[in-house]
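Next come the chains, spelled out residue by residue.
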Amino acid sequence: APPMAGRAALRLVAVLAAFIALLSELGPVSARRSVTARKRAMLGIQSRRRNCRSQVCGSIPVHEDDNCVNECVSPRCYQEVYGAEPLEPGEVDLVRWQQFSSCYSLEKRDLQRQYRQGGAESAPRADGSADEEADSEP
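This structure is a prediction, so every number in the text was calculated from the model and none was measured.

Colleague: Whenever I open this one, the overall build of the protein chain confuses me. Can you help?
Modeller: Per the secondary structure count, the protein chain includes six helices and zero strands. Along the protein chain, helices and strands appear, N-terminal first, in the series α-α-α-α-α-α. Looking at the protein chain residue by residue over its 138 residues, the buried ones come to 31%. In the protein chain, once contacts between residues fewer than 6 apart in sequence are set aside, the share between residues at least 24 apart is 48%. Total accessible area on the protein chain is roughly 8800 Å²; 57% of this is exposed by carbon and sulfur atoms.

Colleague: Even after reading the chapter, I still don't get the pattern of salt bridges, so can you show me in this structure?
Modeller: Between side chains of opposite charge, pairing is possible as soon as their charged atoms come close. All told, the structure shown has nine salt bridges when counted by the stated rule. Between R53 and D66 there is a salt bridge, and its shortest N-O distance comes to 3.5 Å. With R53 in helix α2 (residues 35-55) and D66 in helix α3 (residues 66-73), the pair connects residues that are 13 residues apart, well separated along the chain. Residue R109 is joined to D110 by a salt bridge in which the shortest nitrogen-to-oxygen separation is 3.5 Å.

Colleague: Explain helix α4 (residues 75-82) to me, please; I cannot follow it from the model alone.
Modeller: Structural remark: α-helix, 3.6 residues per turn; residues separated by three or four positions point the same way. Every buried residue of α4 is listed here: C77, Y78, V81 and Y82. Across the axial projection of α4, the buried residues extend over an arc of 105°, all falling on one side. Considering only its buried residues, α4 is in contact with α3 and α5 (94-116).

Colleague: Hey, could you run me through the packing of aromatic side chains in this one?
Modeller: Note on aromatic pairs: each is described by the distance of the centres and the angle between the planes. Tallied over the entire structure, the rule returns three aromatic pairs. A centroid spacing of 5.8 Å and a plane angle of 50° characterise the contact between Y82 and F100, whose relative ring orientation is tilted. On the criterion of sequence distance, the pair formed by Y82 in helix α4 and F100 in helix α5 is long-range, its members being 18 residues apart. In this structure Y82 comes out as buried when scored by relative accessible area, which is 1%. Residue classification places F100 among the buried residues on the basis of a relative accessible area of 0%.

Calculation rules
Residues numbered from 1 in each chain as written. Predicted model: local features only at pLDDT ≥ 70, side-chain atom pairs only at ≥ 80, totals over all residues. Heavy atoms only, no water. Helix = DSSP H or I, 4+ residues; strand = E, 2+ residues; numbered from the N terminus. Buried < 20%, exposed > 50% of the residue type's maximum accessible area, 1.4 Å probe, protein only. Contact = heavy atoms within 4.5 Å. Areas by Shrake-Rupley, 256 points an atom, 1.4 Å probe, with all protein chains shown as cover. Salt bridge = Lys/Arg side-chain N within 4 Å of Asp/Glu carboxyl O. Arc of directions from axis to C-beta. Phe/Tyr/Trp six-rings, centres within 6.5 Å; stacked < 30°, edge-to-face > 60°.

Laid out in structure tokens, this is it:
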């Protein structure tokens, strides 16, 4: 078995390869969303993942924290996508990641729509998240 640092490097390479494969499947232009909108959505979820990783899941080794991070980002989407079969440590599942990202984007959009209509009590923050109270009630 490779040393812990070696496994982390292998995981990083696998995640980057998976991300590149995902981007290539999205194609250069989407009929539904502009490149800028997709980029903004990806930055929003990545920012939220960083916050969860550091504030909630920091005690879990990085190569084992994906379930914790995803559940922190969106408990509802986590249950929908990963609830029946959580990720194994180090596992990369592009199909479920795409489902999770899509679910999160829709959840975030719905929260923003509620806020604009006066249904949520606070505005989404710059990282795309909302206050805890509004965030827990999609």
